[in-house]
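Overview (structure and organization)
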Amino acid sequence: MTTQKFDSIIFDCDGVLVDITQSYDKTIDETCRYVLKEFAFIHSIVIDHKIIDGFKASGGFNDEVDLTYAAVLSLYAANKLNKEPSEFIYKVISNADKTGILSVQSYLESICDLSEILSKLGSLNDRHNNPLYSVFDQLFFGPELYKKLFGKQSRFSKEGMISNDKVILSISLLQTLQKEFGKKLAIVTGRGIESIRYSLKDMLDYFDIQSSAFLEDEPRELAKPNPATLIRAIQSMKSKNCLYVGDSMEDYMMVKDATATGNPITFCAIVGTSTSPEDRRKMFAESGVDMILESIDNLPKVLNLV
């Protein structure tokens with residue numbers, strides 16, 4: 001494992017600073033159930049961690065709404081083709097790649113007419129008016145935060161799944177890192193800034209927000225694994241040797257693409273928040289990642305800060 005000297009650290013959020021297995025993952029499943037029932041009168045299978053991990057391993061599903069959309073299309077097609085849904089969705093996953101929804105939709109349209117469900121789901125490019133996005137956001141944020149963020153009433157009254165976020169990050173870890181890196185701590189994540197602020201609260205103040213990127217608030221074409229925002233963050237901090245801490249294949253692809261443009265970055269994989277840590281560890285090891293940690297709490301030791 002490398003112990004080279006870094007001058008900055010950039011973090012992903014979900015699965016790194018926050019355990020989302022009871023928040024985002026459950027929202028994927030509930031949104032899929034609701035949309036299929038309301039739009040297509042189909043009862044959904046459980047979208048469990050194996051399905052979620054399968055889509056994410058392709059490198060094209062850093063955005064949970066994209067993953068939900070792909071699952072909805074897959075199960076709609078399975079129903080239409082009279083295929084066993086649990087088997088069929090893995091067939092779709094095996095045909096997914098880092099283009100995400102494009103790869104899934106292309107494969108499904110080659111074997112099934114999706115026009116009816118696509119007309120109901122609309123385009124994900126229009127987040128504020130897309131029905132699937134709307135259901136996902138309402139279930140995730142809950143009525144109070146949803147109204148604050150979007151200025152609209154939620155159709156659901158129950159508490160938002162975001163309340164199930166389990167924060168891993170601690171003040172003590174931030175203080176240890178701050179002694180070494182000063183203000184050169186940033187975040188590049190698929191989340192929006194208000195969603196992160198809700199969970200991290202004052203701990204967000206330890207990060208260089210100006211250099212950070214909250215991709216839910218950015219144009220969709222900048223979504224991971226596009227390295228543009230990571231490169232922007234590195235250049236903003238004037239970093240010469242950055243460590244990026246993530247937990248997904250999209251994160252690793254983003255780091256590799258950013259490095260290829262002449263920005264030296266080392267990838268550190270976090271596996272402990274995965275529902276199958278050993279499978280995640282194996283995936284990264286086979287991909288050539290040499291810094292694989294159980295948790296961000298291991299960073300001070302690995303970086304020789306304690």
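Our structure is the block above this text.
For the structure given in this document, a descriptive report is provided here. Think of each chain on its own: its residues are numbered from 1, step by step along the sequence as written. Owing to the predicted nature of the model, reporting of local features is limited to residues with pLDDT of at least 70; listing and counting of side-chain atom pairs is limited to 80 or more, with chain, interface and lining totals taken over all residues. The side-chain values count all of the structure's non-hydrogen atoms but skip hydrogen atoms and water molecules.

**Comments concerning the sheet that holds strand S5 (residues 213-214)**
Note the cut-off: The pairing criterion is simple: DSSP has to find at least two bridges between the two strands. Only DSSP runs of H or I with at least four residues qualify as helices, and only runs of E with at least two residues qualify as strands; both kinds are numbered from the N terminus onward. Any two residues whose heavy atoms approach within 4.5 Å are treated as being in contact. Simply put, an axis is a line fit to the C-alpha atoms, just over the touching stretch for a helix, and the angle between two N-to-C directions goes from 0 to 180 degrees.
An order of S5-S4-S1-S6-S7-S8 is seen for the six strands of this open sheet, with the pairing classed as parallel. The open sheet has two edge strands, S5 and strand S8 (291-293), and neither has a second partner. Note: strand S4 (residues 185-189) against S5, two bridges, orientation parallel. In the strand pairing of S5, threonine 189 is matched with phenylalanine 214. The strands touched by helix H11 (residues 249-260) are S4, strand S6 (242-246) and strand S7 (265-270); relative to S7, the strand with the most contacts, the crossing angle is about 175°.

**Some words on the nonpolar core**
The condition that has to hold: What we call a nonpolar core is a set of buried Ala, Val, Leu, Ile, Met, Phe, Trp, Tyr and Cys residues that are connected through their side-chain atoms within 4.5 Å. When accessible area is computed with a 1.4 Å probe and restricted to protein chains, residues below 20% of their type maximum are described as buried, those above 50% as exposed, and intermediate ones as partly exposed.
Among the nonpolar cores identified, the biggest contains 83 residues, and Phe11, Leu17, Ile47, Phe55, Val245 and Ile296 are the most heavily contacted of them. Apart from residues lying up to four places away in sequence, valine 245 is in contact with Ile9, Ile10, Phe11, Asp12, Val16, Cys268, Ile270, Ile296 and Leu299.

**Focus on the packing of aromatic side chains**
Applied cut-off: Two rings from Phe, Tyr or Trp (for Trp, the six-membered ring) form a pair when their centres are within 6.5 Å of each other. A pair whose planes differ by under 30 degrees is stacked, one over 60 is edge-to-face, and the rest are tilted.
What the rule picks out here adds up to twelve aromatic pairs. Ring geometry for phenylalanine 11 and phenylalanine 207: centres 6.0 Å apart, planes at 85°, overall edge-to-face. Of this pair, phenylalanine 11 sits in strand S1 (residues 8-11) while phenylalanine 207 sits in the loop between helix H9 (193-200) and S5, and the two are 196 residues apart along the sequence. When its relative accessible area of 1% is taken as the criterion, phenylalanine 11 is described as buried.

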